[in-house]
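Understanding the architecture of this molecule
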Amino acid sequence: SITQPPQVAWASGQFTNGPLIRKSTRLQNLTHVFMDEKAWLACDPQQIVYDVEMVDSAPIAGALYTGVTHLQPGKVGDEYFMTRGHFHAQREQGEVYYGLRGSGLLLLQDEKGTARLEPVFPGSVHIIPGFTAHRLINTGNDILSALAVWPCAAGHDYAALTQGFNLRVVEEVGRVQLKEYHHD
Ligand code: 6PG
Ligand code: NI
């Protein structure tokens, strides 16, 4: 028999033909994520920063999830909108990201705290190794959409990064600037 698979529009990252799950993350959900606490408090808490739409599948051993993150353009103070970012709960599990639309950066940070960035653009392919925290940053004026594939068993560990990422991306005099950042 022939079953219709989910379909993704490469240009927009929009899925059709699910089983789909959607989750919106708003500014109010991103406590202590951005550097400028005052600027964060002054923002509309209801504003959506990113939406994740993923194909639902049973989280059995060996299974994979696929989903698209749509990250809005914007800033909190000088800092560009970004995802919370995480290590996988099962640290050794990797992931692949594919840039679909917009432009931004993928921030990768290892367990020693060494951070690096890869530019994200339509067609970019990002191999995220195990033991590496990852976060998307939208440095453009349009929605940044990226497709991801990861093991269902990977899980998320957000707490391990309560001190945050050591590298921050801000706009200064209209230009993208990188900043070392160490939480006190
Ligand atoms: C994952 C993926 C990806 C990620 C979203 C939202 O492991 O599930 O990396 O789907 O969850 O981009 O980012 P946060 O999970 O960091 O909020
Ligand atoms: Ni992940």
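The structure this text deals with has already been given above.
In this report, the structure presented in the accompanying data block is examined. (Residues numbered from 1 in each chain as written. Chains lettered and ligands numbered in written order. Predicted model: local features only at pLDDT ≥ 70, side-chain atom pairs only at ≥ 80, totals over all residues. Heavy atoms only, no water.)

1. Overview of the coordination of the nickel ion (ligand 2)
Protein coordination of the nickel ion (ligand 2) is provided by His-86 (NE2), His-88 (NE2), Glu-95 (OE) and His-134 (NE2), with donor distances spanning 2.1 to 2.3 Å. The coordination sphere of the nickel ion (ligand 2) comprises six donor atoms, whose angles at the metal cover 74 to 172 degrees; the geometry is octahedral. Read in sequence order, the donor residues for the nickel ion (ligand 2) give the motif H-x1-H-x6-E-x38-H. Glu-95 shares its class with His-86; the two are buried. (Donors = N, O, S within 2.8 Å, 3.2 Å for Na, K, Ca; no water. Tetrahedral: all angles 85-135°; square planar, octahedral: opposite > 155°, others 65-115°. Buried < 20%, exposed > 50% of the residue type's maximum accessible area, 1.4 Å probe, protein only.)

2. Re the sheet that holds strand E10 (residues 115–120)
Across the sheet, three strands lie side by side as E10-E9-E12; this open sheet has antiparallel pairing. If you trace the sheet from one side to the other, it starts and ends with E10 and strand E12 (132–138), each paired once. Sheet twist, expressed as the average angle between the axes of neighbouring strands with direction ignored, equals 25 degrees. Where strand E9 (residues 104–110) meets E12, seven bridges bridge the pair, whose relative direction is antiparallel. (Pairing = 2+ DSSP bridges. Helix = DSSP H or I, 4+ residues; strand = E, 2+ residues; numbered from the N terminus. Axes fitted to C-alpha atoms, helices over the stretch in contact; angles between N-to-C directions.)

3. Focus on the pairing of strand E4 (residues 48–55)
As paired strands, strand E3 (residues 20–26) and E4 are joined by seven bridges and run antiparallel to one another. Residue pairing in the sheet places Leu-20 in a bridge with Val-55 of E4. Sheet topology places E4 next to strand E5 (residues 64–71); five bridges connect them, and they run antiparallel. Along E5, the bridge assignment pairs Asp-51 with His-70.

Shape descriptors only; they carry no functional weight alone.
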